[in-house]
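The residues making up each chain are set out below.
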Amino acid sequence: MNITVYCGSNPGKDPLFIQAAHDLGTWIANAGHALVYGGSSIGLMGAVSQATIDAGGQVYGVEPQFFIDAGVAQHDLTELYVVQTMSERKEKMIELGDAFVALPGGVGTLEEISEITSRIRLGMNPSECYFLNIDGFYNPLQMLLCEMHEQGFLDQIDLDRIHFPKNLEQLATLIEHARLNPAPNIASATELHTPVVSIAS
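As a starting point, this report considers the structure included with it. Values in this document were obtained by computation on a predicted structure and should not be read as measured data. (Residues numbered from 1 in each chain as written. Predicted model: local features only at pLDDT ≥ 70, side-chain atom pairs only at ≥ 80, totals over all residues. Heavy atoms only, no water.)

**Concerning the overall build of the chain**
Logical step 1: For the chain, the helix and strand inventory stands at nine helices and seven strands.
Logical step 2: Computed over C-alpha atoms, the radius of gyration of the chain comes to 18 Å, within 12% of the 17 Å expected from 2.2 N^0.38 for 201 residues, which places it in the range of a compact globule.
Logical step 3: Seen along its three principal axes, the alpha-carbon backbone of the chain occupies a region of about 65 × 35 × 30 Å.
Logical step 4: Burial analysis of the chain (201 residues in total) assigns 46% to the buried set.
Logical step 5: Partitioning the intrachain contacts of the chain with sequence separation of at least 6 by distance along the chain shows that 64% fall at a separation of at least 24.
Logical step 6: Total accessible area on the chain is roughly 10500 Å²; 55% of this is exposed by carbon and sulfur atoms.
Logical step 7: In the chain, 9 side chains carry a positive charge and 24 a negative one; their mean positions are 3 Å apart. (Helix = DSSP H or I, 4+ residues; strand = E, 2+ residues; numbered from the N terminus. Rg over C-alpha atoms; globule rule 2.2 N^0.38 Å. Buried < 20%, exposed > 50% of the residue type's maximum accessible area, 1.4 Å probe, protein only. Contact = heavy atoms within 4.5 Å. Areas by Shrake-Rupley, 256 points an atom, 1.4 Å probe, with all protein chains shown as cover. Lys, Arg positive; Asp, Glu negative; His and termini not counted. Charge placed at Lys NZ, Arg CZ, Asp CG, Glu CD.)

Rendered as structure tokens:
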């Protein structure tokens, strides 16, 4: 399974974030999965990729040329996909991924994983995603999504597919459950608005 991980290009202030990135990368390799990520060697991105490499796992990076020119690309990757724009990077990471995980990060991380939640809402692949909620980092976002549901902007079926595991063990269990028990497809926006044609007898 290719696990796409979104995370910060700096380590953050909480040392638990770096530890979580290292542990996630090690688990991805040991579990026989592959990492898909943004291609950089710095911050949490560098930690999760290096841990996966060190544990013998496959790592696929997707990096815009201007970041490569800045000298922040990770070395020793299984493959590095070079793109020109951030939008192309996002699309390629989605194309390559089977499961989608957000470690702590900034607005870029939030923008990337928000694309996944939007796809869930629209009935597009993927069907589930995971915010690795280390030290309660994503608690405010979880509360906001619950408020969206309360105010009628998000259905319960959508909310149920956006997970906030508190640790790696919970994340691994959720990903394995989703692999063995794929969520049923949600009707897409097009399908919901396709008129039903009755055939007269």
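**What about the state of the cysteines?**
Logical step 1: Following the criterion strictly, the structure yields zero disulfides and no others.
Logical step 2: The thiol of Cys129 is not disulfide-bonded; the next cysteine sulfur, from Cys146, is found 13 Å away.
Logical step 3: Among the residues examined, Cys129 registers a relative accessible area of 0% and is labelled buried. (Disulfide = S-S within 2.5 Å.)

**Some details on the packing of aromatic side chains**
Logical step 1: Taken as a whole and assessed by the stated rule, the structure comprises five aromatic pairs.
Logical step 2: Relative to Phe137, the ring of Phe17 has its centre 5.5 Å away and its plane inclined at 80°; by these criteria the two rings are edge-to-face. Taken together, the residues span a long stretch of sequence, with Phe17 in helix α1 (residues 15–30) and Phe137 in the loop between β6 (129–131) and α6 (139–150) at a distance of 120 residues.
Logical step 3: Under the relative-accessibility criterion, Phe17 is labelled buried at 9%.
Logical step 4: For Phe137, a relative accessible area of 33% gives the class partly exposed. (Phe/Tyr/Trp six-rings, centres within 6.5 Å; stacked < 30°, edge-to-face > 60°.)

That's the geometry; what it means functionally is another story.
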